[in-house]
Amino acid sequence: MNNQEQKRQRRIRYKGTHPKAFKEKYKELQPEKYADDVAKVIQKGNTPAGMHRSICVKEILKFLQITPGQTGLDATLGYGGHTLEMLKCLNLKGHLYAIDVDSIELPRTQERLERLGYGPEILTIKQMNFSNIDQIVFEAGPFNFVLADLGVSSMQIDNPERGFSFKSEGPLDLRLNPKRGKSAAERLKTISQDELQGMLLENADEPNSAAIARAIISEIKKGIDISTTTQLQQIIKDALKNNRDDEIKKSCQRCFQALRIDVNNEFEVLYEFLEKLPNTLAEGGRVAILSFHSGEDRLVKKSFKRFFREGVYREIAPEPIRPSSEERNTNSRARSAKLRWAIKA
Ligand SMILES: C[S@@+](CC[C@H](N)C(=O)[O-])C[C@H]1O[C@@H](n2cnc3c(N)ncnc32)[C@H](O)[C@@H]1O
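The structure reproduced in this document is the subject of the present report. Throughout, residues of each chain are indexed from 1 in the direction in which the sequence is written. The model is predicted, so local features are restricted to residues of pLDDT at least 70 and side-chain atom pairs to those at 80 or more, both for listing and for counting; the totals for chains, interfaces and linings are taken over all residues. Heavy atoms throughout the structure, all of them, feed into the side-chain values; hydrogens and water do not.

## Points about the overall build of the protein chain
Okay, so step 1: Strands here mean DSSP runs of E at least two residues long; helices mean DSSP runs of H or I at least four residues long; both are numbered from the N terminus. Counting secondary structure elements, the protein chain contains 15 helices and seven strands.
Okay, so step 2: For each residue, the accessible area found with a 1.4 Å probe, counting protein chains only, is set against the maximum for its type, and the residue is called buried under 20%, exposed over 50%, and partly exposed in between. For the protein chain, buried positions account for 49% of its 345 residues.
Okay, so step 3: Across the protein chain, the fraction of contacts at a sequence separation of at least 24, relative to all contacts at a separation of at least 6, is 69%.
Okay, so step 4: As presented, the protein chain carries roughly 18000 Å² of accessible surface, and 48% of it is formed by carbon and sulfur atoms. Throughout, a residue-residue contact means that at least one pair of heavy atoms, one from each residue, lies within 4.5 Å. A 1.4 Å probe and the Shrake-Rupley method give the accessible areas. Residues count as covered only by the protein chains that appear here.

## Notes on helix α4 (residues 81–90)
Spacing of three or four residues puts side chains on the same side of an α-helix, whose turn is 3.6 residues.
Okay, so step 1: Summarising burial for α4: seven of the ten residues are buried, a large majority.
Okay, so step 2: Turning to α4, its buried residues number three or more, namely Gly81, His82, Thr83, Leu84, Met86, Leu87 and Leu90.
Okay, so step 3: Once α4 finishes, Asn91 follows within two positions and takes phi at roughly 55 degrees, a positive value.

## Quick word on the sheet that holds strand β4 (residues 143–149)
Okay, so step 1: Pairing between two strands requires that DSSP report at least two bridges joining them. In space, the seven strands of this open sheet follow the order β3-β2-β1-β4-β5-β7-β6, with mixed pairing throughout. In the strand order of this sheet, the two ends are held by β3 (123–127) and β6 (313–316), each with one partner. Going across the sheet, the axis of each strand differs from the next one's by a mean of 15 degrees, ignoring polarity.
Okay, so step 2: Note on definitions: angles span 0 to 180 degrees between N-to-C directions of axes, and those axes are lines fitted to C-alpha atoms, for helices only across the stretch in contact. Of the strands in this sheet, β2 (95–100) and β3 touch helix α5 (residues 105–115), which is tilted by about 170 degrees from β3.
Okay, so step 3: In the packing of helix α13 (residues 266–280) onto the sheet, the strands contacted are β4, β5 (281–291), β6 and β7 (338–344), and the crossing angle to β5 comes to about 150 degrees.

## Some words on the packing of helix α9 (residues 193–204) against helix α10 (residues 209–221)
Okay, so step 1: Between α9 and α10, the shortest axis-to-axis distance is 9 Å and the interhelical angle comes to 140 degrees. Here α10 runs oblique to α9, going by the angle between their axes. For the element pair α9 and α10, the recorded crossing hand is right-handed. When α9 is examined against α10, the residues Gln193, Leu196, Gln197, Leu200 and Leu201 are found in contact with a partner set consisting of Ser209, Ala210, Ile212, Ala213, Arg214, Ile216 and Ile217.
Okay, so step 2: Here the nonpolar group is Ala, Val, Leu, Ile, Met, Phe, Trp, Tyr, Cys and Pro; Asp, Glu, Lys and Arg are the charged ones; every other residue, Gly included, is treated as polar. For the contact of α9 with α10, the residue count by class is eight nonpolar, three polar and one charged. Angle categories are assigned with fixed cut-offs, so that under 35 degrees is roughly parallel, over 145 is roughly antiparallel, 65 to 115 is roughly perpendicular, and the rest are oblique. Each crossing gets its handedness from the near helix: less than a right angle anticlockwise from the far helix is left-handed, clockwise is right-handed.

See below:
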């Protein structure tokens, strides 16, 4: 690296006393180098930029009862927090498979776990959708334990270039794997008003679905491309201008959630995963699923109940487990989490 490049790398400029934008948070984005600063952010109840705090770790490990020599699957690798804890339980004996659709974050997590000493002899990482769980079981054999921590990671939400949040300007993308499928911006170009209204209702129970769908389609009919996160947020704000600010904010959150579910076919792939799951588990194999909204939880609950009635699962969670009040207070992203489990007969 020449001198000029070194200078350019060091000069991270931001206004005020603290970095606010994602890219400016250079300390949080290098947790290995600035461990103390990152610890302070976590202590304040925040999630450092570029990181994800795993939810219900204790509860998940208590249920999965992982012992050295077992074979398991983490169906949603993310930042690798749960993966790391499961690897510790294996104590370098057995094997863990970990998958994720995200083509951007997966290599970063893989590198991080390799640096911690978890290479291919104990951990196999693959970029794939968990709806294809039947493909990995051919290679891996039946699993003694499976974990799925649904939804999105903090790294995905916080990175403005991924377009998951209206809090910062970015392309309206929302794909978990930006290399496949249509972005949310492209999806909006061809959707009808009825379909959009239905999507907002079904995927996020949006009470203002009719007004929002009408406003979005009216912009598109004028020939306007809704290509950024803040552009969509502004349309929603204008459509609901007579509502309270906090209500408008909730509607924005629900609309982004509904679009994300749609562009990633989240309900369809979860259904497929749940259908295939029993055939991938060994006898007595344990599965834990962490969900973050009612649509997901309903699908998990229904599937577990049906397979329990059919004798495929010998035991299922009578009620969902919620994160402790301490975890909910220190991590806002844990507040809506529900953990359900099942044990194969
Ligand atoms: C909540 S995060 C997981 C965080 C992880 N448990 C940790 O401790 O770091 C959810 C992850 O699941 C991935 N994901 C969502 N749907 C998926 C699917 N259908 N197949 C595979 N991965 C998926 C997302 O890309 C994201 O990385």
